[in-house]
Amino acid sequence: MEKPYMNAQVKGVSTGTTILAATFDGGVVIGSDSRASMGGEYVSSKTINKVIKVHDRIFCCMAGSLADAQAVTKAAKFHLSFHSVQMETPPLVISAASVLKELCYQNKEELQAGFITAGWDSRKGPQVYVVALGGMLVRQPVTIGGSGSTYIYGYVDAKYKPNMSREECLQFATNALALAMGRDNVSGGVANLVVITETGVEHLVVPGDKLPRFHDE
């Protein structure tokens with residue numbers, strides 16, 4: 001019997017979000033807006049956290065179908081927890097990204113979810129990986145995703161520099177999210193940011209009224 005999705009009309013995915021991650025000298029910043037939308041038009045939540053902890057020093061951001069993304073991250077957490085017990089050592093960032101990739105690829109006909117995975121490990125230091133719709137896996141020094149990302153490619157290309165300081169990278173990430181949230185009607189709320197280094201993890205929340213403002217707002 002043919003699966004239902006084989007006869008379904010494939011539609012584009014309206015992600016309704018802005019997610020990003022960037023490496024700096026000694027660490028990585030990963031962040032997102034907090035607005036969830038249905039169909040790219042109706043805002044269903046203004047305060048959802050899209051930056052998900054999958055292990056002690058590994059986080060991911062999700063875009064696409066929220067239900068799909070939550071199911072995949074829940075499964076990934078289980079796999080990584082089991083993996084770390086078996087190996088008796090914390091998982092590598094690439095291991096987390098690979099688990100997400102396999103889950104997305106094996107279920108690519110049913111899932112509509114993409115991820116940015118970022119973290120720090122003792123082997124390769126700070127890392128950022130993109131797991132795209134369908135399961136493609138790519139490592140990048142900086143990456144952006146979601147509907148809001150279309151407005152900030154120029155800013156990211158112009159302003160990102162390798163080996164930035166922690167403060168420079170945080171300002172870069174905050175500015176990028178603020179610009180995207182100002183232009184994209186289904187990105188908004190607060191900016192959730194996580195800084196990951198060898199020494200630990202720091203969570204930061206920038207309320208909407210505290211985000212940088214630009215000349216046209």
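In every chain, residue numbers begin from 1 and rise along the written sequence. pLDDT decides what is reported in this predicted model: residues at 70 or higher carry local features, side-chain atom pairs at 80 or more are listed and counted, and totals for whole chains, interfaces and linings draw on all residues regardless. Excluding hydrogens and water, the side-chain figures rest on all heavy atoms present in the structure.

For the protein chain, an unreviewed UniProt entry supplies the name proteasome endopeptidase complex and the organism Takifugu flavidus. Under the UniProt heading Subcellular location (unreviewed entry), the entry covering the protein chain gives this text: "Nucleus". UniProt positions are given in the numbering used here, feature names are shortened, and annotations may be inferred rather than shown by experiment.

(A) Quick peek at the pairing of strand β6 (residues 58–64). The buried label goes to any residue with under 20% of its type's maximum accessible area, the exposed label to any with over 50%, and the partly exposed label to all in between, with areas taken from a 1.4 Å probe on protein chains only. Helical segments are the DSSP runs of H or I of at least four residues, strand segments are the runs of E of at least two, and each set is numbered from the N terminus. Where burial is concerned, most of β6 is hidden: seven out of the seven residues are buried. Here β6 shows two buried faces, one formed by Ile58, Cys60, Met62 and Gly64 and the other by Phe59, Cys61 and Ala63. Paired strands, as defined in this entry, are two strands with at least two bridges between them according to DSSP. The sheet contact formed by strand β5 (residues 51–55) and β6 spans four bridges and is antiparallel. In the strand pairing of β6, Ile52 is matched with Cys60. The turn joining β5 and β6, which pair antiparallel and follow one another in sequence, is formed by two residues. Pairing of β6 with strand β7 (residues 113–121) involves seven bridges; the strand directions are antiparallel. Bridged to Cys60 within β7 is Thr117.

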